[in-house]
Amino acid sequence: MVANLRLLALDLGERRIGLAVSDGVGSLVLPAGYILRNKISQDLDSVLEFASERNIQGFVVGVPYTLSGEMGTGAKLAQRFIRALRKHTILPVYSIDERFTSFEAQGLLREAGRQPSREKHAVDEVAATLILQRFLDQCH
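Basis of the calculations
- Residues numbered from 1 in each chain as written.
- Predicted model: local features only at pLDDT ≥ 70, side-chain atom pairs only at ≥ 80, totals over all residues.
- Heavy atoms only, no water.
- Core = buried A, V, L, I, M, F, W, Y, C linked by side-chain atoms within 4.5 Å.
- Buried < 20%, exposed > 50% of the residue type's maximum accessible area, 1.4 Å probe, protein only.
- Helix = DSSP H or I, 4+ residues; strand = E, 2+ residues; numbered from the N terminus.
- Contact = heavy atoms within 4.5 Å.
- Pairing = 2+ DSSP bridges.
- Axes fitted to C-alpha atoms, helices over the stretch in contact; angles between N-to-C directions.
- Parallel < 35°, antiparallel > 145°, perpendicular 65-115°, else oblique.
- Left-handed = near helix turned anticlockwise from the far one by under 90°.
- Nonpolar A, V, L, I, M, F, W, Y, C, P; charged D, E, K, R; others polar.
- Salt bridge = Lys/Arg side-chain N within 4 Å of Asp/Glu carboxyl O.
- Right-handed = clockwise from strand over helix to strand, strands pointing away.

Even after reading the chapter, I still don't get the nonpolar core, so can you show me in this structure?
Where a protein is soluble and globular, its nonpolar side chains tend to be buried together. Grouped together as the largest cluster of nonpolar side chains are 22 residues, with contacts concentrated most on L8, L10, I17, V47, F59, F81 and L85. Elements represented by at least two residues in this core include exactly strand 1 (7–12), strand 2 (16–22), helix 1 (40–53), strand 4 (58–63) and helix 2 (73–88). With six residues, the single largest contributor to this core is helix 2. Excluding its chain neighbours within four sequence positions, the residues that come into contact with V47 are L8, L10, I17, I35, F59 and F81. Listed in part, the 13 residues of the second largest apolar core include A20, I131, L132 and F135.

Here's what the structure looks like:
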């Protein structure tokens, strides 16, 4: 069952990749930092190294479809990253629609008394957490 895997979620931004991990039981999702973006080959190496160090068993990548559900530039770039990741790992790679996760993350940070505009890395982490939680909720 997918929910029983220790999963790593990726929120692919232009400058950072937000990270979140699940506990392998499907009940807890935690923010796990971020990776600064570089070339796709270096991004993949960083993601795979992070995953190896934490005994990750699968990946969940957010795909930012347009509001109408179509493939815009961001979604095409995410699909390209997913294809590259699948070529470099034997672990399962899942994707999920991540529309509004960054907006939701900003709202959650504001509710916590933080300033998303000053803590963009936190927005990426929280967005990755929302991506992974949404994926796990769909699996149950």
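Where do I start with the sheet that holds strand 2 in this structure?
The strands that make up a sheet pair up through hydrogen bonds in the backbone, lying either parallel or antiparallel. Read from one edge of the open sheet, five strands run 3-2-1-4-5, paired in mixed fashion. Edge positions in the open sheet fall to strand 3 (29–36) and strand 5 (93–97), since each of these has one partner strand only. Recorded for the sheet is a direction-independent mean angle of 25 degrees between the axes of neighbouring strands. Note: strand 1 against strand 4, four bridges, orientation parallel. Following the sheet pairing, A9 is matched in strand 4 by V60.

Can you help me understand the packing of helix 1 against helix 2 in this one?
For any two helices packed against each other, one specifies the crossing angle of their axes together with the interaxial distance. Two numbers describe how helix 1 lies on helix 2: the axes approach to 11 Å, and their chain directions differ by 55 degrees. Judged by the angle between their axes, helix 1 and helix 2 are oblique. Where helix 1 crosses over helix 2, the handedness of that crossing is right-handed. On the side of helix 1, the interface is formed by I40, D43, L44, V47 and L48, while helix 2 contributes R80, F81, A84, L85 and H88. The residue makeup of the contact of helix 1 with helix 2, split by class, is seven nonpolar, one polar and two charged.

What is the right way to read the environment of L44 from this model?
Among the secondary structure elements, L44 is positioned in helix 1. On the basis of relative accessibility, which here comes to 3%, the residue L44 falls in the buried class. Note: C-alpha distance between L44 and L85 (41 residues apart in sequence) is 6.5 Å. Contacts of L44, omitting those with residues within four sequence positions, involve F81, A84, L85 and H88.

How do you make sense of the pattern of salt bridges when you look at a structure like this?
Pairing between side chains of opposite charge can happen when their charged atoms approach one another. Summed over all chains, the structure comprises three salt bridges. Linking D43 and R37 is a salt bridge whose minimum nitrogen-to-oxygen distance equals 2.7 Å. The exposure class assigned to R37 is partly exposed, which follows from its relative accessible area of 26%. Where R54 meets E53, a salt bridge forms, and the shortest distance between an N and an O atom there is 3.1 Å.

I keep staring at the pairing of strand 5 and nothing clicks. Help me out?
The pairing of strand 4 with strand 5 spans five bridges and is classified as parallel. Bridging across to strand 5, F59 finds its partner in V93. In this fold, strand 4 hands off to helix 2, which returns the chain to strand 5; that crossover is right-handed.

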